[in-house]
Amino acid sequence: MKKITKQLTLILLLTLVMVPSEAKKYLSKEQFIHQAFSYLEKGVEPTVKTLWLNDEIQEKITEILEHSYPKLRLRYWQHDDQTVWFLDEIGKERPISFGISVKSQRINLVKVLEFRESRGGEIHMQAFTEQFDQIKLTDDNKLNKHIDGITGATMSVSAMKKIARVALMLDKEVR
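Residues numbered from 1 in each chain as written. Predicted model: local features only at pLDDT ≥ 70, side-chain atom pairs only at ≥ 80, totals over all residues. Heavy atoms only, no water.

### What about the overall build of the protein chain?
Regarding its fold elements, the protein chain presents five helices and six strands. Going from N to C terminus, the protein chain has its helices and strands arranged as α-β-α-β-α-β-β-β-β-α-α. Each of the 175 residues in the protein chain was classed as buried or not, and the buried ones make up 41%. Sequence separation of 24 or more characterises 58% of the internal contacts of the protein chain that already satisfy a separation of 6 or more. Surface summary for the protein chain: the accessible area is close to 11000 Å², and the carbon and sulfur share equals 52%. (Helix = DSSP H or I, 4+ residues; strand = E, 2+ residues; numbered from the N terminus. Buried < 20%, exposed > 50% of the residue type's maximum accessible area, 1.4 Å probe, protein only. Contact = heavy atoms within 4.5 Å. Areas by Shrake-Rupley, 256 points an atom, 1.4 Å probe, with all protein chains shown as cover.)

In structure tokens form, the structure reads like this:
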């Protein structure tokens with residue numbers, strides 16, 4: 001009986017480890033928009049717009065992500081020279097949701113909104129995301145500054161860097 005109990009306990013523990021945990025929600029889209037446009041006077045709202053992802057834009061996204069992007073259009077928020085994008089990218093196995101604000105063709109705010117992976121969640125920390133402040137794209141659609149990685153979060157870091165590049169490229173498309 002003890003042996004069966006130990007085996008059942010082991011199976012239960014392995015099942016709990018293998019079942020993906022629920023997504024860790026850090027910020028809603030509404031909260032991110034409020035942070036990104038916090039400088040606006042009360043009553044002034046950014047304009048919600050739609051960018052249709054035509055073949056040319058899809059090709060650019062595919063080049064950056066190294067796979068196709070499954071959407072036909074993206075909603076974005078704009079006020080003057082600032083745009084806000086909500087984009088998802090796979091870390092290791094599951095999507096990570098990001099909010100990215102681009103102002104004057106430079107990232108001025110990036111946040112992890114929802115993290116679904118089992119490891120690599122450290123990318124949501126301010127000490128990491130601050131590395132993206134004022135980054136822009138080079139002529140060949142690369143980030144103009146090195147981003148330090150996080151041990152054990154290589155794929156999550158890579159996902160965030162790719163999404164930052166996509167957001168900067170999309171901002172350039174709507175200008």
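### Observations regarding helix 2 (residues 29-36)
All buried positions along helix 2 are accounted for by Phe 32, Ile 33 and Ala 36. Along the axis of helix 2, the buried residues cluster in a sector spanning 100°; they form a single face. Facing away from the buried side of helix 2, by more than 90 degrees, are the exposed residues Glu 30 and His 34. Of the surrounding elements, those touching the buried residues of helix 2 are strand 3 (73-79), strand 4 (82-90), strand 5 (95-103) and strand 6 (106-115). (Arc of directions from axis to C-beta.)

### Looking at the packing of helix 3 (residues 55-65) against helix 5 (residues 154-174)
Running from N to C, helix 3 and helix 5 point in directions that differ by 160°, and their axes come no closer than 9 Å. In terms of orientation, helix 3 lies roughly antiparallel with respect to helix 5. Crossing of helix 3 over helix 5 shows right-handed handedness. Facing Ile 57, Lys 60, Ile 61, Ile 64 and Leu 65 of helix 3, the residues of helix 5 in contact are Lys 162, Ile 163, Arg 165, Val 166, Met 169, Leu 170 and Glu 173. (Axes fitted to C-alpha atoms, helices over the stretch in contact; angles between N-to-C directions. Parallel < 35°, antiparallel > 145°, perpendicular 65-115°, else oblique. Left-handed = near helix turned anticlockwise from the far one by under 90°.)

### Some remarks on the side chain of Gln 58
Residue placement: Gln 58 occurs in helix 3. In this structure Gln 58 touches Leu 53, Tyr 69 and Lys 71, once residues within four positions along its chain are discounted.

### A few points about the pairing of strand 6
Burial analysis of strand 6 places seven of its 10 residues in the buried class, the great majority of the element. Relative to strand 6, strand 1 (residues 24-25) runs antiparallel, the two sharing two bridges. Residue Lys 24 lies in a different strand from strand 6, and its bridge partner there is Phe 115. Where strand 5 meets strand 6, eight bridges bridge the pair, whose relative direction is antiparallel. Directly across from Ser 101, in strand 6, lies its bridge partner Leu 109. The loop that links strand 5 with its antiparallel partner strand 6 comprises two residues; one of these, Ser 104, has a positive phi angle of about 55°. (Pairing = 2+ DSSP bridges.)

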